[in-house]
There are 2 protein chains.
Amino acid sequence: MNKFVYSFNEGSKDMKGLLGGKGANLAEMTRIGLPVPFGFTVTTEACNRYLEEGNELADDVVSEIYEKLTELEQVSGKTFGDIENPLLVSVRSGAVVSMPGMMDTILNLGLNDESVVGLAKLTENERFAYDSYRRFIQMFGDVVMEISKSKFDKIFNAQKEKAGAEFDVDLTTDDLKEIIVGYKALVKEELGRNFPQTPKGQLMEAIMAVFRSWNNKRAILYRKINDIPSEYGTAVNVQSMVFGNMGDTSGTGVAFTRSPVNGENKIFGEFLVNAQGEDVVAGIRTPQPITEMAIAFPEVYKKFEDISNILENHYHDMQDMEFTVEKNNLFMLQTRNGKRTAEAAVKLAVDFVNEELIDKETAISRVEPAQIEQLLHPKFDENEEKLAKLLGTGLAASPGAATGNIYFNAEDAKEAVDRGEQTILVRQETSPEDLAGMLIAEGILTARGGMTSHAAVVARGMGKCCVSGCSAAIIDETGKTMLLNGETFNEGDKISLNGTSGNVYEGMIKTVFPELSGDFGTIMKWSDEIRTMKVRANADNPRDAKQAVDFGAEGIGLCRTEHMFFEAERIPAIRRMILADSLKERKDALDALLPYQKKDFYEIFKVMGVRPVTIRLLDPPLNEFLPKTEADTMQLSKEFNMPFEKLINKAEELNEQNPMLGHRGCRIAISYPEIAEMQVEAIITAAIEVKEETGLNIVPEIMIPLVGIQNELKNVKETVIKTIDKCFKTMGNKVDYKIGTMIEIPRAALLADKIAEDAEFFSFGTNDLTQMTFGFSRDDTAGLIKEYIEDGVLDADPFQTIDQEGIGKLVKMGVELGKKTRPNIKLGVCGEHGGDPKSIEFFNKVGLNYVSCSPFRVPIARISAAQATIKNRKK
Amino acid sequence: MNKFVYSFNEGSKDMKGLLGGKGANLAEMTRIGLPVPFGFTVTTEACNRYLEEGNELADDVVSEIYEKLTELEQVSGKTFGDIENPLLVSVRSGAVVSMPGMMDTILNLGLNDESVVGLAKLTENERFAYDSYRRFIQMFGDVVMEISKSKFDKIFNAQKEKAGAEFDVDLTTDDLKEIIVGYKALVKEELGRNFPQTPKGQLMEAIMAVFRSWNNKRAILYRKINDIPSEYGTAVNVQSMVFGNMGDTSGTGVAFTRSPVNGENKIFGEFLVNAQGEDVVAGIRTPQPITEMAIAFPEVYKKFEDISNILENHYHDMQDMEFTVEKNNLFMLQTRNGKRTAEAAVKLAVDFVNEELIDKETAISRVEPAQIEQLLHPKFDENEEKLAKLLGTGLAASPGAATGNIYFNAEDAKEAVDRGEQTILVRQETSPEDLAGMLIAEGILTARGGMTSHAAVVARGMGKCCVSGCSAAIIDETGKTMLLNGETFNEGDKISLNGTSGNVYEGMIKTVFPELSGDFGTIMKWSDEIRTMKVRANADNPRDAKQAVDFGAEGIGLCRTEHMFFEAERIPAIRRMILADSLKERKDALDALLPYQKKDFYEIFKVMGVRPVTIRLLDPPLNEFLPKTEADTMQLSKEFNMPFEKLINKAEELNEQNPMLGHRGCRIAISYPEIAEMQVEAIITAAIEVKEETGLNIVPEIMIPLVGIQNELKNVKETVIKTIDKCFKTMGNKVDYKIGTMIEIPRAALLADKIAEDAEFFSFGTNDLTQMTFGFSRDDTAGLIKEYIEDGVLDADPFQTIDQEGIGKLVKMGVELGKKTRPNIKLGVCGEHGGDPKSIEFFNKVGLNYVSCSPFRVPIARISAAQATIKNRKK
């Protein structure tokens, strides 16, 4: 026969599935001899059975509870409902995974008209006893009996008025007794029955209420979002009460074995003399630092320190503990692994290894990669941020903090920076033309665009703070004003952006730069030892390349060549190329671009040395390079001495209904092979020059984008190889090279076996793959995806974390088919997902050789890759 | 040992693979005793061996040829190179499949300085003999020896000048002799050797030249486009010459056993007295109808008639024959199955079955579905079209012929029609606002947009003539002018469109309406008996539904509900719905639409009866319903008494970068469930009313579009079912119904097992599936796809014929996964491919239950489905 109830001395920490986290740890503490008020746990199986049997508690479960209750009475020497020495218990839910939304705690259960007298005696405080009873009825009535809280409040407030009491504490014991009469009448009226006077009845109702709360709406939503199976169920812990409010030799507190803020090896916590846990939560009194406890209760504190050490040594992790002191006796009420900041997480992980409590793998697994990001970006001074005026919230597009004067275009921002100002670039949405402004601004704010809009992607790539899609902001770029939160902001006005939360504030807020501490470096080193997948960075220029190497990148996985074209001295040449009427004109324009491109690659190769560099041939539709406004077009018309009409017609001709599915990527190289020829010439001649100068083996990887058809790849590859051979001849020297392709069109993944015939490497472009496979334009559907997540249609934004079920299936097909044709094919990913921990775990599992992400995410990727290796090993 | 050369009496028609089509048929005719000049065939295997061995003719092949040549000399009683009675032969290529681009025919091979004398004697025409020799050298020099034709021309023209000859025929025998001297000198100079005087040498060179021509560029391209394996190789036929130019008892001709134009059972062909085949081709003399032959050569004609009958009975198909009469002796030079018009194809197929020459399956297989289209649309009077002035050519977007006065917007066109004019709607490109104009115009001409642009798709759906993407036309919609071919056309000017060729003509051309003859009906009936796949139509209104049923549709596979909204009386309501500030306002606007929608469905159900009707919920992005121009917006602002600003802002808000990947399909139903509720209410209440009135079992199929995520389907399905249950209650009656989804997002196909949990049917939307899986916007990439086909990157336009390798793989996955979850799931396709024969064959193979296409393609789909069944059965 199954056992549904366990006394605390029957369980252990390994029984979390059955006893829940709280119950298992209470049993464990009991097992290793720590002072825990006795009690028992009703299991998660009992919960599941209750729910399965239509919210009925089976007779055998009830009997078991009664048995354990009798045992509890014997152990405590108290009796449920006794007028002299009543047993009072707390009833707490305890799921396997800590989970908000469920019924949490009922204290002092067992109070009734008789035992309240016993409580008064025990606590030597009659008022407290009746106030507790009043609170217990109210809480039980609200939570267990589901009577609206406002009805209780009405009775309470009426009594206050009647008694002329300004504050709750002004009520006398008699007032409280009157309130209790009123509460009981309310229960009778609402439910047609008396408030349960038998403690056993109270207990059964409370246990069932906890079970039912497993299926309340908030709990279901939380489980859904956090992928917690609904079959887990919750356990219920019934524990005899101890009282921290029995005078100055009593108290209650919460503490961590070490600092959760910075990891310092010193007990960290708060303590309140003569108080129950509830008082701390209620915020009526301000708790004291735990150090005060050492002064007030030196003996007890010593004991607590010992227990703290025992627990840490036992659990091999920093613990978050709850305790109560009853008349100089210490009781432990809870222990669990403590939450911690990134800084603390890193220090704790390293310290625990040094103290030989855990091994390196465990240390790495304990650092949350997403948290690491906090260590890499400037942030606001916490106190200043709290006081600042919030204007609105957009998407937390690129983390960090930025503060400065707003400007509405790149030029104005640049002038301001030249004057020595800190600036924030404010745009409706950004386009490649804004790059120069983005580069020099502290942060970027846009009114439109999602997490993967141009602004967001580029900002993350630059490691620059960005709040995108702040739709409440009405931005007039021409008039240079922003209307937000009912206020109008003009050029030069000060605002602050929190790219980690999406908040926009008025005025300047002090920013602080966290240091990459030595422990952080240690964790990175260990991660590198363990991980099997390489980490590269997406970098388009020598500066980013340098940053990437500094952060530990082992190569460049994506060097976009188009950003290079937007610089002021180059854009005229690319425009001339686009506007050319003949092949000759186009080639002349390309010849003008060649030295610039060559210099770009020369410098990048210099930085990267033997590290591989994957260079993608021109990708965006050509019209991205043409001016967007009529005024700019007019300007260009003058500059180039070309009829305005002609420019407009060309723009019209190039304009597309759905540019995402239009004339871009390899399609451009097929229509205009001369563009690819120029780029390849720049790559190869630069590589040869660097090789000759440094003697290093420079091996450029040339990547052909947006391939969906085998012949597309064949066609462009032929152009590339022809050009390379020409360069070898001209230079009288050679370099090794690789030619590969992006897998970003669904068809390419489906036919990866064919594509692999001509590709030495695949780089999965999961951004576009996600766009096309879902049919989601990332520029247009940010709002829809948010709606979907809220409605539970999607669990997560597929542009942030790879959709394993759908996109993942395509990636797996791509990997398997690719390897079938070419077993040693090099496989990587260069989409946004390359820097996302969950996605990295997936990429590791399907066998990619590397991930590539923005330089600022490289450390996150390194640790994520190590964690993925550890997880895979375990499986 | 392999045999590489076959005499005509050694082969048969079943040896096409070895002897090529021409050789096999020559052997067959020989075998069944028809008069064929004797000869032999060098096999395709010899060709392959020649090419494999580095263009060397192996010794044993040469010996075999010599052996057969000796046999030929014996049979003919003539000797190669003889001065008295020389053997002359024709050398012709003959691949398995008739294939242009290769070297075709060399006549009179065997001529040299001596045998030319013999030819003069034989033909009793010295001038002819030398002219033949001159031509032979020139042809051989050009084709076999690869000496530029212009060099021969130079010599020839010089002699003409010297002789003062205006025309070629003015040259005397001596002139020709001088030319021959010049030609031979040219050969010597170019190749350093004499023109081959031994006929055997000539023959070997000619055979090898044919073999080599298998791999010339044009031939390779043709094979690639037509999927002909390059391993086939070509055979070479060597046949002793007969002479149709031996005076008035000789002649040559080409004839069909029955009319290839209308199928009439009467010999159809042309004949030329005293002529060689070459003369007919050269067009120097106009051939006479074959009936003249009956008068000129009654005996021979009688014999020819007999042979014609024999051949037809033997081949069980209409034959295309070449023959020569030499001095009243009839010789057959070729026979093959004749090409035919659609009209003839249908009549021949039916007649052959009636004559018990073939069975019904063979009859069906012989009708080319693509041709059938010719029978369904009006066409131009052929002679008038030939004489008309061609202005330009666009894409043949929707077949048929249209002629009328041009108008530049729907309103003007409508007014003109009201005045009694025939109109052509001319637009830059069309949008749903032009629907009314498209409906009443004879044809549509657009300057932009591909084969699957709005104009093309809608026009095909309407069975209306359309030429799209005529990029040479510069259309000023505001100024109401079109500049084309250097001419300016104004409103009311007359043009004519050929939607089958894409040609645009000046002026009016007479159109004729072909009749659906009884034979056509018979073929359709037989097709319906054989095919296993159902054929439905895409129809959005009762008129199209009626047309579809008339053409044999067995249901509606796609009823788009959005077109209904564009009608003048409805568009204000839909606009109010979009512009609503509250749910209440939106619901009010929807309430106004409800009666219209209900009426639509009521009428469609009335037409369709028990035939299934699949209705798709609102699909396009909402901004398609808002006015496009500022003027129209201003107008709406007045009409609705709404600030212009507000309208502009709303339009801005709804505007998308990539609408194809934006907020449309089921995404709209999730954001605004009230829209789906209104549509479902209209569908269900209409169905119940028709059921009650007619007693018929109306079973609407409600289709949820653009599903990519299982939860999207679940979400909308819940809305649909709730509404249905509400309607059942309100109406006090029920109908059966089905709920299903489109599979048009790649992710839906990948996860079809999940999607099938909530879908009773799948309709593959292969248009969108192609767009997203290829990453091709159909509005933007028409030009690119054309370029790709020209460059050989693509074999065919994937929007016209399904890409089996890629999109087909997804469809197959969708089918298999869908059936895994729900074995009896109903599977169909409603994209453009549903009317394409090749695609239909594929859909039949993967096991779809039905295809749905535009009403005018229903007959094509019916016969294609039957052919697919027959093909599958054979496998």
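Residues numbered from 1 in each chain as written. Chains lettered and ligands numbered in written order. Predicted model: local features only at pLDDT ≥ 70, side-chain atom pairs only at ≥ 80, totals over all residues. Heavy atoms only, no water.

Quick look at the overall build of chain A
Reasoning step 1: What chain A contains, in helices and strands, is 35 helices and 33 strands.
Reasoning step 2: Expressed as a percentage of the 875 residues in chain A, the buried residues total 58%.
Reasoning step 3: Long-range pairs, those at least 24 residues apart, make up 68% of the contacts in chain A between residues at least 6 apart in sequence.
Reasoning step 4: Accessible area for chain A stands at about 34900 Å²; split by element, carbon and sulfur atoms hold 48% of it.
Reasoning step 5: Placing the 102 positive and 133 negative side-chain charges of chain A at their respective mean positions leaves the two points 4 Å apart. (Helix = DSSP H or I, 4+ residues; strand = E, 2+ residues; numbered from the N terminus. Buried < 20%, exposed > 50% of the residue type's maximum accessible area, 1.4 Å probe, protein only. Contact = heavy atoms within 4.5 Å. Areas by Shrake-Rupley, 256 points an atom, 1.4 Å probe, with all protein chains shown as cover. Lys, Arg positive; Asp, Glu negative; His and termini not counted. Charge placed at Lys NZ, Arg CZ, Asp CG, Glu CD.)

What to know about the sheet that holds strand β32 (residues 826-829) of chain B
All names here are of chain B.
Reasoning step 1: On the basis of which strands lie adjacent, the closed barrel formed by eight strands has the order β26-β27-β28-β29-β30-β31-β32-β33 and parallel pairing. On average, each strand axis in the sheet is tilted by 25 degrees relative to the strand beside it, whichever way the strands run.
Reasoning step 2: Relative to strand β33 (residues 850-853), β32 runs parallel, the two being bridged by two bridges. From the neighbouring strand, G828 faces β33, where its bridge partner is Y850.
Reasoning step 3: In the packing of helix α35 (residues 858-874) onto the sheet, contacts are made with β26 (534-538) and β33, and the angle to β26 comes to roughly 160 degrees. (Pairing = 2+ DSSP bridges. Axes fitted to C-alpha atoms, helices over the stretch in contact; angles between N-to-C directions.)

With respect to the relation of the copies chain A and chain B
Reasoning step 1: Rotating chain A by 180 degrees about the axis while translating it 0.1 Å along that axis superimposes it on chain B, leaving an RMSD of 0.2 Å. Within this description, the copies of the chain are treated as partners about a two-fold rotation axis. The C-alpha atom lying nearest the rotation axis in chain A is that of N658 of chain A; the distance is 2.2 Å.
Reasoning step 2: By residue overlap, the copies meet face to face through one surface: 100% of the interface positions of chain A are interface positions in chain B. (Least-squares fit on C-alpha atoms with pLDDT ≥ 70 in both.)

A few points about the sheet that holds strand β15 (residues 395-398) of chain B
In a beta sheet, neighbouring strands pair by backbone hydrogen bonds and run either parallel or antiparallel.
Residues and elements named next belong to chain B.
Reasoning step 1: Sheet architecture is open: eight strands sit in the order β14-β24-β23-β16-β17-β18-β19-β15, paired in mixed fashion. In this open sheet, the two strands that pair with only one neighbour each are β14 (390-393) and β15. Taking each pair of neighbouring strands and ignoring which way they run, the sheet shows an average axis angle of 30 degrees.
Reasoning step 2: Two strands pair when backbone bridges link them, and strand β16 (residues 401-407) and strand β17 (residues 423-427) are joined in this way by three bridges, in the parallel orientation. Each residue of the ladder has a partner; that of Y407, found in β17, is L425.
Reasoning step 3: Packing of helix α17 (residues 410-418) onto the sheet brings it into contact with β16 and β17, and relative to β17 it is tilted by some 175 degrees.

Comments concerning the side chain of D836 of chain A
Residue and element names in this part refer to chain A.
Reasoning step 1: Here D836 lies in the loop between β32 (826-829) and α34 (837-846).
Reasoning step 2: For the buried residue D836, which engages in no salt bridge, the nearest side chain bearing the opposite charge is R857, 5.4 Å off.
Reasoning step 3: Within the structure, the side chain of D836 is placed 3.2 Å from the side chain of T801, a separation counted as a polar contact.
Reasoning step 4: In contact with D836, other than residues within four places in its own chain, are Q800, T801, I802 and R857. (Salt bridge = Lys/Arg side-chain N within 4 Å of Asp/Glu carboxyl O. Polar contact = N/O pair within 3.5 Å; in protein donor to acceptor, adjacent residues only side chain to side chain.)

Examining the packing of aromatic side chains
Reasoning step 1: Going through the model one piece at a time under the given rule, you end up with 40 aromatic pairs over all chains.
Reasoning step 2: The interplanar angle of 10 degrees and the centroid separation of 6.1 Å between the aromatic rings of F271 of chain A and F323 of chain A together place this pair among those described as stacked. Highlighted residues: F271 of chain A in strand β9 (residues 268-273) and F323 of chain A in strand β11 (residues 319-326), separated in sequence by 52 residues. F323 of chain A shares its class with F271 of chain A; the two are buried.
Reasoning step 3: With 4.8 Å between their ring centres and 20 degrees between their planes, F566 of chain B and F625 of chain B make a pair best called stacked. Within this pair, whereas F566 of chain B is found in the loop between β27 (556-560) and α22 (571-579), its partner F625 of chain B is found in the loop between β28 (613-616) and α24 (630-640), the two being separated by 59 residues in sequence.
Reasoning step 4: By the ring-pair criterion, three or more aromatic residues cluster together here, those being F271, F297, Y301, F304 and F323 of chain A. (Phe/Tyr/Trp six-rings, centres within 6.5 Å; stacked < 30°, edge-to-face > 60°.)

Observations regarding helix α23 (residues 583-608) of chain A
Residues and elements named next belong to chain A.
Reasoning step 1: Between its first and last C-alpha atoms α23 spans 35 Å; for 26 residues at 1.5 Å apiece the expected length is 38 Å, and the two agree.
Reasoning step 2: The axis of α23 is deflected most strongly, by about 35 degrees, at L593, and proline P595 appears within four residues downstream.
Reasoning step 3: Of all the residues in α23, the buried ones are R586, A589, L590, L593, L594, Q597, D600, F601, Y602, I604, F605 and M608.
Reasoning step 4: Looking at the buried residues of α23, the elements they touch are α21 (542-550), β27 (556-560), α22 (571-579), β28 (613-616), α27 (673-694) and β29 (700-704).
Reasoning step 5: Looking one or two places after α23, you find G609, whose phi comes out positive at around 60 degrees. (Expected span 1.5 Å × (residues − 1). Bend = angle between axes of the 7 residues up to and from the residue.)

Quick notes on the pairing of β9 of chain A
All names here are of chain A.
Reasoning step 1: Strand direction decides the pairing type here: strand β8 (residues 251-256) and β9, joined by six bridges, are antiparallel. By the bridge assignment for β9, A255 is matched with G269.
Reasoning step 2: With two bridges connecting them, β9 and strand β10 (residues 288-289) associate as antiparallel partners. The residue of β10 that forms the bridge with F271 is Q288.

Observations concerning the environment of C47 of chain B
Residue and element names in this part refer to chain B.
Reasoning step 1: Looking at the element boundaries, C47 is found in helix α2 (residues 44-52).
Reasoning step 2: Once the C-alpha coordinates of C47 and A235 are considered, the two residues, 188 residues apart in sequence, prove to be 6.7 Å apart.
Reasoning step 3: Other than its neighbours up to four places away in sequence, C47 contacts F211, W214, G233 and T234.

A look at the nonpolar core
Reasoning step 1: Counting 309 residues, the largest nonpolar core has F605, I684 and F762 of chain A together with F605 and F762 of chain B as its most contacted members.
Reasoning step 2: Beyond its immediate chain neighbours, meaning those up to four positions away, F762 of chain A contacts T741, I743, A752, I755, A756, G814, G818, I825, K826, L827 and G828 of chain A. (Core = buried A, V, L, I, M, F, W, Y, C linked by side-chain atoms within 4.5 Å.)

Quick word on helix α32 (residues 782-791) of chain A
Reasoning step 1: Listing the buried residues of α32 of chain A in full gives L784, I785 and Y788 of chain A. Axial view of α32 of chain A: buried residues confined to an arc of 100 degrees, hence all on one face.
Reasoning step 2: Tucked inside the fold, the buried residues of α32 of chain A contact α26 (666-671) and α28 (710-731) of chain B.
Reasoning step 3: Note on α32 of chain A: the residue one or two positions beyond its end, G792 of chain A, has a positive phi of about 80 degrees. (Arc of directions from axis to C-beta.)

Quick notes on the state of the cysteines
Residues and elements named next belong to chain A.
Reasoning step 1: Under the defined criterion, the tally for this structure stands at zero disulfides over all chains.
Reasoning step 2: In this structure C853 is not part of a disulfide, and its nearest cysteine sulfur, from C830, lies 11 Å away.
Reasoning step 3: Under the relative-accessibility criterion, C853 is labelled buried at 3%. (Disulfide = S-S within 2.5 Å.)

Side note on the interface of chain A and chain B
Reasoning step 1: Taken together, the contact pairs 49 residues of chain A with 50 residues of chain B.
Reasoning step 2: Here chain A and chain B share an interface that buries about 4300 Å² over both sides, 52% of which is from carbon and sulfur atoms.
Reasoning step 3: Contact with chain B buries surface across chain A, with Q657, L661 and R747 of chain A losing the most and accounting together for 15% of the total.
Reasoning step 4: Taken together, the links from chain A to chain B amount to eight salt bridges.
Reasoning step 5: Counting across the chain A and chain B interface gives 30 residue pairs in polar contact (both at pLDDT 80 or more).
Reasoning step 6: Taken together, the residues of the side of chain A that touches chain B break down into 19 nonpolar, 15 polar and 15 charged. (Buried area = accessible area lost by both parts, 1.4 Å probe. Nonpolar A, V, L, I, M, F, W, Y, C, P; charged D, E, K, R; others polar.)

Some details on the pattern of salt bridges
Reasoning step 1: All told, the structure shown has 121 salt bridges over all chains when counted by the stated rule.
Reasoning step 2: Residue R134 of chain B is joined to D131 of chain B by a salt bridge in which the shortest nitrogen-to-oxygen separation is 3.0 Å. Placement of both R134 of chain B and D131 of chain B in helix α5 (residues 126-144) is noted, with a separation of three residues, approximately one turn of the helix.
Reasoning step 3: A relative accessible area of 7% means that R134 of chain B is categorised as buried.
Reasoning step 4: K722 of chain B is the partner of E718 of chain B in a salt bridge, and the nearest nitrogen-oxygen pair spans 3.9 Å. With E718 of chain B and K722 of chain B both in helix α28 and four residues apart, the pair spans about one turn of that helix.
Reasoning step 5: One salt-bridge network, held together by shared partners, links E562, R616, D619, R664 and D768 of chain A.

Things to note about the environment of E506 of chain B
Residue and element names in this part refer to chain B.
Reasoning step 1: Structurally, the position occupied by E506 is in strand β24 (residues 503-506).
Reasoning step 2: Among the residues examined, E506 registers a relative accessible area of 29% and is labelled partly exposed.
Reasoning step 3: Separated by 330 residues in sequence, E506 and L176 place their C-alpha atoms 48 Å apart.
Reasoning step 4: Not counting residues up to four positions away in its chain, the partners in contact with E506 are K389, L391, E487, F489, K494 and I495.

Describing unusual backbone geometry
Reasoning step 1: Positive phi, close to 45 degrees, is recorded for K327 of chain A, a residue that is not glycine.
Reasoning step 2: Inspection of the secondary structure assignment puts K327 of chain A in the loop between β11 and β12 (329-337).
Reasoning step 3: Although it is not a glycine, N55 of chain B adopts a positive phi angle of roughly 60 degrees.
Reasoning step 4: Its location among the elements puts N55 of chain B in the loop between α2 and α3 (59-76).
Reasoning step 5: For N55 of chain B, a relative accessible area of 36% puts it in the partly exposed group.

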